[in-house]
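Residue-level structure breakdown
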There are 4 protein chains.
Amino acid sequence: MTQTLRVGVIGTGAMGADHVRTLHRWVPAARVVAVQDLDVARAKHLATEVGAEVAASAEDLIDPATVDAVVIASPDPTHAPLARAAIAAGLPVLCEKPLGTDPDESRSVVDAELAAGRRLVTVGFMRRFDPGYVSLKEAVAAGRVGSPRLVHNIHRNRVGHPSATTEGIVVNSMIHELDIVPWLLDSPIEQIEVTSPVADGFRDPQLAVLKLANGTLATVEVFIEAAYGYDVRCEVVGTGGTAALVPPALVAHAAGGVAGADVPPDFRPRFADAYRLELAAWADSVLDGVPVGPTAWEGHRATVVAAAGVASLREGRAVPVPQEPCPDLYV
Amino acid sequence: MTQTLRVGVIGTGAMGADHVRTLHRWVPAARVVAVQDLDVARAKHLATEVGAEVAASAEDLIDPATVDAVVIASPDPTHAPLARAAIAAGLPVLCEKPLGTDPDESRSVVDAELAAGRRLVTVGFMRRFDPGYVSLKEAVAAGRVGSPRLVHNIHRNRVGHPSATTEGIVVNSMIHELDIVPWLLDSPIEQIEVTSPVADGFRDPQLAVLKLANGTLATVEVFIEAAYGYDVRCEVVGTGGTAALVPPALVAHAAGGVAGADVPPDFRPRFADAYRLELAAWADSVLDGVPVGPTAWEGHRATVVAAAGVASLREGRAVPVPQEPCPDLYV
Amino acid sequence: MTQTLRVGVIGTGAMGADHVRTLHRWVPAARVVAVQDLDVARAKHLATEVGAEVAASAEDLIDPATVDAVVIASPDPTHAPLARAAIAAGLPVLCEKPLGTDPDESRSVVDAELAAGRRLVTVGFMRRFDPGYVSLKEAVAAGRVGSPRLVHNIHRNRVGHPSATTEGIVVNSMIHELDIVPWLLDSPIEQIEVTSPVADGFRDPQLAVLKLANGTLATVEVFIEAAYGYDVRCEVVGTGGTAALVPPALVAHAAGGVAGADVPPDFRPRFADAYRLELAAWADSVLDGVPVGPTAWEGHRATVVAAAGVASLREGRAVPVPQEPCPDLYV
Amino acid sequence: MTQTLRVGVIGTGAMGADHVRTLHRWVPAARVVAVQDLDVARAKHLATEVGAEVAASAEDLIDPATVDAVVIASPDPTHAPLARAAIAAGLPVLCEKPLGTDPDESRSVVDAELAAGRRLVTVGFMRRFDPGYVSLKEAVAAGRVGSPRLVHNIHRNRVGHPSATTEGIVVNSMIHELDIVPWLLDSPIEQIEVTSPVADGFRDPQLAVLKLANGTLATVEVFIEAAYGYDVRCEVVGTGGTAALVPPALVAHAAGGVAGADVPPDFRPRFADAYRLELAAWADSVLDGVPVGPTAWEGHRATVVAAAGVASLREGRAVPVPQEPCPDLYV
C-alpha cells in the first residue's frame, strides 16, 4: 500500500467542511484525522461524518504526532498566525486565501518560511488547478495567442455576503485575479488602479486596471451583487489571437421564447473540480516532498497588490505596487 | 475509519487500467487489491503502480477471501461468463458494457441473478453518471420540456478501432444510446430501424430510428470515422421546449480567421468525470448494500435492442424489439 | 438610369403584403405597379401605401401591357392556375410555395413551361437565398465536410395556424426541407418515410427520413407546436467534418439565473433577409433574362416528394418517390 | 409614385463606392445622380456602373439644382469643409466619421448648422443602425439589465491600414465606441484614460477607461493588428443582469479537431446591414424632413472625447473631457 497523509483541518465552516468532505470522498492519498472549530458542535458533527477526531484547539491540532499536514480554513485573520504555527511545527500547510489580511501579516509567513529554510505553505488559490485556467495557461505558454498584450477578467457573484465591504471586494474577491493574472503571464503586477461606478457606500462593482512588468495590461471587473448568478471569465489577447475560458454549462434549454443555460448561483459548482484537484495535488506533493501550487511568496505578493488596490480605490488614483526582491527560496 | 471496499479488476487494457487508476487516485472508498490480465507483464506493471497483487487467473481473482467486489474490463466475450462467476461467488460486480455479445449471453447473467435471488451486477453504462446526462434527465423529469416527443442523439468518434465492424457499431457504440434513451424517458424501446448511407463494406455512419413504448421517437447517428473528433450530443424535444447536452469545452480560441474550441480526440476527456462518479457511486453502493446504476436486466435489454438493430441493418427494415416480462427482482 | 421592373402582386395577405413592402423599400430594380386581392379593401390600403394600382382580378393583373412580371402570393390552390396564366401571358412569375397542392397541379405548370418552350417560373423557396443556407451550400461544395453522409434538419414553429393539418405539416412546412436538402447535396430524394410520436388527431411533430440518390440520408423534424419559438437548423455531416447553420441571435442576455438569447416567435425575423435577397435576385434575373432560383421542375419535384411523404405517414411505411425524367428545359 | 431623393456622393474609394452601390441596389428611396473623386477614372467607372454623372469637383457636386442631398466619403480632412459647404448650400448631408480631425473642425460644422438655424448633418456612425446595437439599446432601455454600471467594448481588426498611427487608433477606430457608449446609456463621457501595453512606436492595442456623467464606467479595447479577424463586442452590465452583442456567424464548422466558425476579415460583412439601414433611414429622413441618426453635435462631441483620449495617451494620465453646453438646436 502507498502511504496515506494524515490531515488536520482547522475551520469547519462552509469552506472547511467542503475541504473535509472532498478529501474524504475523493482523495485516497489523504485521510482527515482531526478537525477543529470554535463551534465545537459543528466540528463534532463533521468529525463523526468522516471518522476524524476533534482537536481541542488549533494549537492542539498542529501536532506532528497526530497529523502530517494541516489545512487552514478558519477566518481570515487567523490565516497568518496559524500558518506560522504550522511552520514552527514543521508541518506542511494548505492555507486558504488570503494568506494575510495585510502585507505585514502575509510577509510574516514568508519570513517564517525563510527562517525555517524550506517551503511548507501552499496558498489556496484553487483556480490554478481549475482545468479551464490550466488549459488557458497551457495555450498561452504554447504560443497560441502569440505575444500576450491584454487580459480581460470578469468575476461576478449573485449576492454578496452580508458582511461584504468595499475593501473586502478587493481583498477577498479580486485577490483571485491578482494571483491568477501574474501566474497566467508569468509576470508580476507593477501598478493597480481600482475604480467603481458607485461613488459611496458599498462600492460594487469595481473595475481594476493592472499593469504587469512585461507591459501587459489587464482589466478586472468584480461585481459582488451581479444578481443573475456566478460568472467568472478570462480572456488573454495576444498578437496572434485570443484564448478565453468557456462558461461551463451542462444542459442548454429552450423554453418560453428563450434559448440558454442555467448560470450557477455560486462558486461551488464552478470550482468543485478545482478544489478536488487542488487537494489531491497538494496531498501528493506533501507525500512526495515537492511543493506544488501558489507559494507563501505568491500569496504575500497578492496581498501586497490587494493593499495597493485598496489604496487606489480610496485615493482615486493609480498606485504603484511596492516591489521586493524575491527570496532565493522561491526562485 | 470508514470501511474500504477491496476491489479486484479483471482486464488491464485501456479501459481496465483507467478504472484501476481512477479507483486508486480518486476513490477512497475502494482499494484495488488485485488485478488480472492474460498479458501478465501488463498486469504486473499496473499492480506495482497501485500496490495491488496480480491474480493468476480471472477465476482466482473472483475470491471472496481476497476481494469484496469485482470490476470486469476484459474483452467483450468474457463479460457474461465472468459476471456469472462473480454472482456464483456472491460478489458484487461492475461489468463493462456490453453485458453479453448476444441476448442469450446477457440473459444468462440475468438468470444467474434470479437464481441467486439478489442483484449483484452493475453494467458500466457510464453515461448515466455523466453530470450532463444526469442534468438532462433531471430537466426532463422536472417537466422543463413538457411532454417529451423526440430525442436526437449524435455519437461520433474520430477514428474507428482497426477491428471495428458494421455490426460492432451497433453492438459496441450505439448500445450507449440504446441504454440511455429509455433511461432518459423511462420507457422501453419497442422498435428499431438502422440504416446507413454506405451500402457495402464498413457501413459507417449509421442512422437509427427508435420507437419507445410511450410513443416517443428517437434518432441516433453513430459515426465511427467522423474524422474531426469525439462528439456526443443529445437533445430531448417536448411540447414545452427542449433540453440538450452542451458540448464541453474549457477554452475558446480565436486565431487565423476561426473562432472555436478544440474537440477531444476520444471519449476519455469527455467522460472522465462520468467514470470517476460511476466507480465512486458503485463502491458506495456495495458498501451500503443498495444497488446503483444500470442493472443486469437493463444491460440485457440493451443487448436485445442491439441485436434487433443488427437484424434491421441486415434486412433493411424496421424490426420490433422482442419484449419480455421484467422479473420482479428488477421492478 | 437602369431599367425598372414593373411588378404585379397577387394576394395581399401576410406573405403578399410583406413582398410588396420589401420590394417597395429595398428593391430599386423593381416597382410594384399593381396589387390584387379578393379582399379589395386590404388591396387598396396596401396599394395606397406604395403608390400602386388595384387590379380588378388576378386575370386582369396578369397583363403584359401593365406589368413586366408577377408575384403570386394568393392561397395555395390558386398557385398553379395563376402560374399557368402568367406563362400563357409570357410573364415571368415568382410563385410562393407550394407550386401545386398535388403533383398533378405542379406538373401542369411544368407542362405549361415546356409548351411555352422557356422557363418563366421561380418558386418561392426563399431559404435558397438565406445567407446561412447559401454559406452552408458553399461549404459543402468547397469540400469542407468531405463527402456528405447525413443531413440533420430541425424545423420548429411556436404555434400552428388554426387551420394546420397533419398532412399540411408535410405539404406546407416540411416541403422547405424537401427542396433544400436535394439542393444542398445536388442529389434528388428517392425515398421518404414520415412518422410521428403522436398516433392520432393532429400528428405533430413529425419525423422524416429521406434517402437521396447519392446514398446520403437526411433526418427532418418538423414541429409546428414547439411552443418555445421559431427554430430552423441544418447540419451536413461528412467524412471530413460537419457544417451547420448557426441560430441567429443579436443579443445575449444574462438575468435571473439564465444566460441565453431570445428565440424569434415566427419565421419573419429569421428569413427577412432571405426574402429581400430573393426578390432582388429575381428582379435582376428577369431584367437580365437569366432565370434564377428554384425552377418549376424543382417546385414540382418537392410536391411529388411531399405527396410521397403524406402517403408514408398514412400507410406507416417508407415510400419510394416516383421518378420522372428531367425535361431538357431544366437540365 | 413616391418621391426619390437625388443623391450626390463625394469620394469613391472603398467606403464611398460601397455607399453608392448600396444606395443603387438596396435603397429605392434614393437615386445616386452624381459622384465625384480626385481619381476621375475611378469616379467614372463607378458612375457608369450605376448610371450617375461625374461632377468636376466636390464644390460642383454640392448643387441644389442637381442633388437633393450629399454623402461625404472623401478623406477625413475634407469632412468638415465639405459638410460646411453642404450646409451653406442648404443640402442635407450624410458625413462619414469623423466629423472633423480635431474639435475645432467638428465645432465649425456645429457652428455652421447653428448659423443656418437647422440640422442638416447626419454623421456616419453606422453602428447606431446595426440591428445588434439597436437591440442592445432597446434591452437597456427596457430595463433588462437593471441599472447599468459598466460597459465592456472590444474592437479588433485583422490588420491595420499601412497609414495607421497611434493617434489614429483613437481618432479613427475608437471613435466608434466614443459615440456608441454615450448613445447606449444616454449619458455623456466626462473622463477618458487611454493606455497601451506597447510603450513605443505604433502603440497597438489600446485600452481606454471612460467615465460617464451618470457614473457608469466603460472599458474599450481597440486592437488594430489583432491578426485573427474582425471582431466587435459590447456588453452592458447592470444591477439586474447583462446584455451583450452576439458575434454574427452563419455556419459552424467542425473539422480537424476544432469546432467553430469563421471570423470575418474586415468590417464589411459585419456591418453591411448597418450601412444599408443607415442609408435607407437617412434617405427617408431627408424626404420626410425629420433628421435621423447622429447629429453634428454628437459627431463633434465624439471628436472632443477622442482629442482628450489622444492627450491621455500622450501624457499618461486620465484626462477630463471638456464640457460645452448643448445648443438648443440639438436638445
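Scoring rules and cut-offs
- Residues numbered from 1 in each chain as written.
- Chains lettered and ligands numbered in written order.
- Predicted model: local features only at pLDDT ≥ 70, side-chain atom pairs only at ≥ 80, totals over all residues.
- Heavy atoms only, no water.
- Axes fitted to C-alpha atoms, helices over the stretch in contact; angles between N-to-C directions.
- Helix = DSSP H or I, 4+ residues; strand = E, 2+ residues; numbered from the N terminus.
- Parallel < 35°, antiparallel > 145°, perpendicular 65-115°, else oblique.
- Contact = heavy atoms within 4.5 Å.
- Pairing = 2+ DSSP bridges.
- Salt bridge = Lys/Arg side-chain N within 4 Å of Asp/Glu carboxyl O.
- Polar contact = N/O pair within 3.5 Å; in protein donor to acceptor, adjacent residues only side chain to side chain.
- Nonpolar A, V, L, I, M, F, W, Y, C, P; charged D, E, K, R; others polar.
- Disulfide = S-S within 2.5 Å.
- Buried < 20%, exposed > 50% of the residue type's maximum accessible area, 1.4 Å probe, protein only.
- Arc of directions from axis to C-beta.
- Buried area = accessible area lost by both parts, 1.4 Å probe.
- Domains from an automatic or database assignment.
- UniProt positions renumbered as here; feature names shortened; annotations may be inferred.

Naming follows an unreviewed UniProt entry, where chain A appears as Inositol 2-dehydrogenase of Aeromicrobium camelliae.

1. Notes on the packing of helix 1 (residues 14-26) of chain A against helix 2 (residues 40-50) of chain A
Residues and elements named next belong to chain A. In the contact formed by helix 1 and helix 2, the axes pass within 10 Å of each other and the chain directions differ by 10°. Overall, the two elements helix 1 and helix 2 adopt an arrangement that is roughly parallel. Between helix 1, through Ala17, Val20, Arg21 and His24, and helix 2, the contact on the second element is made entirely by Leu46, Glu49 and Val50.

2. Concerning the sheet that holds strand 4 (residues 69-72) of chain D
All names here are of chain D. Spatially, the six strands line up as an open sheet ordered 3-2-1-4-5-6, and their pairing is parallel. Bordering the open sheet on either side are strand 3 (53-54) and strand 6 (121-123), each of which pairs with just one other strand. Set on the sheet, helix 4 (residues 79-88) makes contact with strand 1 (5-10), strand 4, strand 5 (93-95) and strand 6; between it and strand 4 the angle comes to about 180°. Lying over the sheet, helix 8 (residues 267-288) contacts strand 1, strand 2 (30-36), strand 4, strand 5 and strand 6, oriented at roughly 125° with respect to strand 1.

3. Topic: the interface of chain C and chain D
In this assembly, 37 residues from chain C lie in contact with 36 residues from chain D. At the boundary of chain C with chain D, the tally comes to six salt bridges. Between D:Arg144 and C:Asp262 there is a salt bridge; the shortest N-O distance is 2.9 Å. Across the contact surface, chain C and chain D share 10 residue pairs in polar contact (both at pLDDT 80 or more). Counting only elements with at least two residues in the side of chain C that touches chain D, the list comes to helix 1 (14-26), helix 6 (131-141), strand 12 (241-245), strand 13 (251-255) and helix 8 (267-288) of chain C. Considering every element that reaches the side of chain C that touches chain D, the biggest residue donor is helix 8 of chain C, with six residues. Residues belonging to the side of chain C that touches chain D are distributed by class as follows: 21 nonpolar, nine polar and seven charged. Here four bridges tie strand 12 of chain C to strand 13 (residues 251-255) of chain D, and the two strands are oriented antiparallel to one another. Following the sheet pairing, C:Thr242 is matched in strand 13 of chain D by D:Ala254.

4. Section: the state of the cysteines
One pass over the full model with this rule turns up zero disulfides over all chains. Not part of a disulfide, A:Cys234 finds its nearest cysteine sulfur in D:Cys234, a span of 20 Å. Not part of a disulfide, B:Cys95 finds its nearest cysteine sulfur in B:Cys326, a span of 19 Å. Given the relative accessible area of 0%, B:Cys95 is considered buried.

5. Some points on helix 6 (residues 131-141) of chain D
Among the residues making up helix 6 of chain D, those that are buried are D:Gly132, D:Tyr133, D:Leu136, D:Ala139 and D:Val140. The arc enclosing the buried residues of helix 6 of chain D, seen along the axis, measures out at 120°, which places them on a common side. Exposed residues pointing more than 90 degrees away from the buried face of helix 6 of chain D are listed as D:Glu138 and D:Ala141. On its buried face, helix 6 of chain D sits against strand 13 of chain C together with strand 7 (148-156), helix 7 (166-185), strand 11 (231-238), strand 12 (241-245) and helix 8 of chain D.

6. Topic: the environment of B:Ala261
Tracing the backbone through its elements, the reader meets B:Ala261 in strand 14 (residues 258-262). Considering only alpha carbons, one finds B:Ala261 and B:Arg42, 219 residues apart in sequence, at a separation of 36 Å. Non-local contacts of B:Ala261, meaning those with residues more than four positions away in its chain, are made with B:Ala249, B:Val251, D:Gly257, D:Val258 and D:Ala259.

7. Looking at the interface of chain B and chain A
Each side of the interface is counted separately: chain B has 36 residues, and chain A has 37 residues. Taken together, the two surfaces of chain B and chain A that pack against each other cover about 3100 Å², and 54% of this comes from carbon and sulfur. Remark: the boundary between chain B and chain A carries six salt bridges. Here B:Arg276 ties to A:Asp273 by a salt bridge, and the two come within 3.7 Å at their closest N and O atoms. For the pair chain B and chain A, the interface holds 10 residue pairs in polar contact (both at pLDDT 80 or more). Among the elements of the structure, helix 1 (14-26), helix 6 (131-141), strand 12 (241-245), strand 13 (251-255) and helix 8 (267-288) of chain B are those that each provide at least two residues to the side of chain B that touches chain A. At six residues, helix 8 of chain B tops the list of elements feeding residues into the side of chain B that touches chain A.

8. Re the domain arrangement of chain A
Residues and elements named next belong to chain A. Under the domain assignment, chain A is made up of domain 1 (5-125 + 272-294) and domain 2 (128-264 + 301-330). Each of domain 1 and domain 2 has a C-alpha centre, and these two points are 26 Å apart. Between domain 1 and domain 2, the residue contacts involve 24 residues of the former and 17 residues of the latter. A buried area of about 1800 Å², summed over both sides, lies between domain 1 and domain 2, and 68% of it is on carbon and sulfur atoms. One can count one salt bridge joining domain 1 with domain 2. Among the ionic pairs, glutamate 324 bridges to arginine 107, the shortest N-O distance being 3.0 Å.

9. So, the packing of helix 4 (residues 79-88) of chain A against helix 5 (residues 103-116) of chain A
Residue and element names in this part refer to chain A. Between helix 4 and helix 5, the least distance of the axes is 9 Å, while the angle of their chain directions is 5°. As the angle between them shows, helix 4 and helix 5 are arranged roughly parallel. Contact with helix 4, carried on its side by Ala80, Ala83, Arg84 and Ile87, involves Glu105, Ser108, Val109, Ala112, Glu113 and Ala116 of helix 5 and no other residues of that element. Residue classes in the contact of helix 4 with helix 5 are distributed as six nonpolar, one polar and three charged.

10. Thoughts on the UniProt feature "domain: Gfo/Idh/MocA-like oxidoreductase N-terminal" (unreviewed entry) in chain A
Sequence positions flagged by UniProt for "domain: Gfo/Idh/MocA-like oxidoreductase N-terminal" (unreviewed entry) are, in local numbering, residues 5-124 of chain A. Along residues 5-124 of chain A one finds 43% helix and 21% strand; the C-alpha atoms at either end are 18 Å apart.

11. So, the pattern of salt bridges
Across all of its chains, the model carries 84 salt bridges over all chains by this definition. For the salt bridge of A:Glu235 with D:Arg233, the shortest nitrogen-to-oxygen distance reads 3.1 Å. Placement of the pair is A:Glu235 in strand 11 (residues 231-238) and D:Arg233 in strand 11, with the two residues belonging to separate chains. Overall, the relative accessible area of 25% leaves D:Arg233 in the partly exposed class. With a shortest N-O distance of 3.1 Å, D:Arg268 and D:Asp18 are connected by a salt bridge. With D:Arg268 in helix 8 and D:Asp18 in helix 1 (residues 14-26), the pair connects residues that are 250 residues apart, well separated along the chain. For D:Arg268, a relative accessible area of 34% translates into the label partly exposed. Members of the salt-bridge network, linked through shared partners, are A:Arg156, A:Glu221, A:Asp231, A:Arg233 and D:Glu235.

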